[in-house]
Amino acid sequence: MGRKLVKDLKIALKDLEPRVKDLKFLLSGREFHNFSMRPKEAWANWLLCAVLQKIHGDDITFGDDEKGDGIFFDKKTGKWIGTEHVSALDNPSSLSTLPKGEARVIEAINHKIKFGPTYAKNKFLIVFFDGAGEWRRDKVRESINDRHSFMGIFLIGLLWSNESGYAYSVTQLLRNDSITYKIQINSDFNDWEVSRMI
């Protein structure tokens, strides 16, 4: 398979900077010339990879895959997991209005659950969202428990962006719990910090 892996998260972050800062391009930009992922897929994978490296160490990376929306790869064990993405981002060029609260996230997950167990096998589902307002991760988790076959479901949402940088939340939905991390990226996109949220 013609997979290309990211060798250095710091270099990838600088490469992604102009795409992340251009919201229109992030939402609707096509695949990179040398990477078979759309900008929002690459960005969501970068964010999740930063969290996975914090938890499991620097041997975790991500790459592209012609069968899905990318992979996560453990360089030490040689094991990989595919990804599927679903967007629940506000899009100014779209005529549809997404619901608020946890309904926005649940609707996006349900859209992917409909594809069945074969589609979900050996894959993470990544929900990239914004604009939900107040939402509760336990309500999302309870709504989808025992209804999907994904290896894991991760919710990635923008917390804020301003002159000091960007902050995102990454929530992993587990069977009986949920864990949320915050990724804070400085304004010049040369460093970041991952911390666990309550």
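**Let's talk about the overall build of the protein chain**
Then step 1. Across its full length, the protein chain holds 6 helices and 8 strands.
Then step 2. Sequence-ordered secondary structure for the protein chain, helices as α and strands as β, is α-α-α-β-β-β-α-α-β-α-β-β-β-β.
Then step 3. In terms of C-alpha radius of gyration, the protein chain reaches 16 Å, essentially the compact-globule figure of 16 Å for 198 residues.
Then step 4. With the principal axes as the frame, the protein chain shows a C-alpha extent of 40 × 40 × 35 Å.
Then step 5. Taking all 198 residues of the protein chain together, 48% fall into the buried category.
Then step 6. Within the protein chain, residue pairs in contact and separated by at least 24 positions form 59% of the contacts whose partners lie at least 6 positions apart.
Then step 7. Accessible surface, the protein chain as shown: approximately 10,500 Å² in total, 50% of it carbon and sulfur.

**Looking at the packing of helix α4 (residues 102-113) against helix α6 (residues 137-144)**
Then step 1. Interhelical geometry of α4 versus α6 gives an angle of 25° and a closest axis separation of 9 Å. Taken together, the axes of α4 and α6 lie roughly parallel to each other. Read as a crossing pair, α4 and α6 show a hand that is right-handed. Between α4 and α6, the residues in contact are E102, V105, I106, I109, N110 and I113 and K139, V140, S143 and I144, respectively.
Then step 2. Among the residues making up the contact of α4 with α6, the classes are represented as 6 nonpolar, 2 polar and 2 charged.

**Digging into unusual backbone geometry**
Then step 1. Positioned with a positive phi, N122 is a non-glycine residue whose angle comes to about 55°.
Then step 2. Tracing the backbone through its elements, the reader meets N122 in the loop between α5 (117-120) and β4 (123-129).
Then step 3. Positioned with a positive phi, D146 is a non-glycine residue whose angle comes to about 65°.
Then step 4. Position of D146 among the secondary structure elements: in the loop between α6 and β5 (152-162).

**With respect to the packing of aromatic side chains**
Then step 1. All told, the structure shown has 12 aromatic pairs when counted by the stated rule.
Then step 2. Relative to F189, the ring of Y166 has its centre 5.5 Å away and its plane inclined at 80°; by these criteria the two rings are edge-to-face. With a gap of 23 residues between them, Y166 in strand β6 (residues 165-173) and F189 in the loop between β7 (178-186) and β8 (192-197) connect regions that are remote in the sequence.
Then step 3. Residue classification places F189 among the buried residues on the basis of a relative accessible area of 0%.
Then step 4. An aromatic cluster is present here, built from W43, W46, F128, Y166, Y168, F189 and W192 joined pairwise through their rings.

**Quick word on the packing of helix α1 (residues 9-21) against helix α3 (residues 39-56)**
Then step 1. At their nearest, the axes of α1 and α3 sit 10 Å apart, and the two run at 145° to each other. Regarding α1 and α3, the two cross each other, and that crossing is left-handed. In this structure, α1 uses L9, A12, L13, L16, R19 and V20 to contact α3, whose residues at the interface are P39, A42, W43, W46, C49, A50 and Q53.
Then step 2. Partitioned by chemical class, the residues of the contact of α1 with α3 number 11 nonpolar, 1 polar and 1 charged.

**Observations regarding the nonpolar core**
Then step 1. Counting residues in hydrophobic clusters, the biggest one holds 38 residues, and the most contacted among them are W43 and W46.
Then step 2. Elements with a minimum of two residues in this core: α1, α2 (23-28), α3, β1 (60-63), β4, β5, β6 and β7.
Then step 3. The leading source of residues in this core is α3, at 10 residues.
Then step 4. Not counting the four nearest positions on each side in its chain, W43 is found in contact with L13, L16, V20, L26, F128, Y168, I185 and F189.
Then step 5. Counting residues in each nonpolar core, the second largest holds 19 residues, with I113, V127, F129 and A132 among its members.

**Some details on the pairing of strand β2 (residues 71-74)**
Then step 1. Alternating positions in β2 separate into two faces, I71 and F73 on one and F72 and D74 on the other, with burial throughout.
Then step 2. In the sheet, β1 pairs with β2 via 4 bridges, with the strands oriented antiparallel. Among the inter-strand pairings, I60 is bridged to a residue of β2, identified as D74.
Then step 3. As paired strands, β2 and strand β3 (residues 80-88) are joined by 3 bridges and run antiparallel to one another. Within the sheet, the bridge partner assigned to F73 lies in β3 and is W80.
Then step 4. Linking β2 back to β3 in an antiparallel pair, the connection comprises 5 residues, with G78 at a positive phi of about 80°.

Rules behind the numbers
Here the residue numbers are simple positions, counted from 1 along each chain's written sequence. Restriction of local features to residues with pLDDT of at least 70 applies here, the model being predicted, together with a cutoff of 80 or more for giving and counting side-chain atom pairs; totals for whole chains, interfaces and linings are based on all residues. Remark: hydrogens and water are excluded; side-chain values derive from all non-hydrogen atoms of the structure. Every helix listed is a DSSP run of H or I at least four residues long, and every strand listed is a run of E at least two residues long, numbered separately from the N terminus. When we talk radius of gyration, it's over C-alpha atoms, and the globule rule is simply 2.2 Å times the number of residues to the 0.38. The buried label goes to any residue with under 20% of its type's maximum accessible area, the exposed label to any with over 50%, and the partly exposed label to all in between, with areas taken from a 1.4 Å probe on protein chains only. We call two residues contacting when some pair of their heavy atoms lies within 4.5 Å. Throughout, the Shrake-Rupley method with a 1.4 Å probe supplies accessible areas, and for residues the shown protein chains are the sole cover considered. Structural elements are reduced to axes, namely lines fitted to C-alpha atoms, with helices fitted over the stretch in contact, and the angle between N-to-C directions of any two is expressed from 0 to 180 degrees. Oblique is the label for any angle not covered by the other classes, which are roughly parallel (under 35 degrees), roughly antiparallel (over 145) and roughly perpendicular (65 to 115). If you view the pair so one helix is near and one far, a crossing is left-handed when the near helix is turned anticlockwise from the far one by less than a right angle, and right-handed when it is turned clockwise. Ten residue types, Ala, Val, Leu, Ile, Met, Phe, Trp, Tyr, Cys and Pro, are classed as nonpolar, four, Asp, Glu, Lys and Arg, as charged, and the remainder, Gly among them, as polar. Only Phe, Tyr and Trp rings take part, Trp by its six-membered ring, and two of them pair if their centres are within 6.5 Å. Stacked means planes under 30 degrees apart, edge-to-face means over 60, and tilted covers everything else. To qualify as a nonpolar core, a set must consist of buried Ala, Val, Leu, Ile, Met, Phe, Trp, Tyr and Cys residues joined through side-chain atoms within 4.5 Å. One requirement defines pairing of two strands: DSSP has to find at least two bridges between them.

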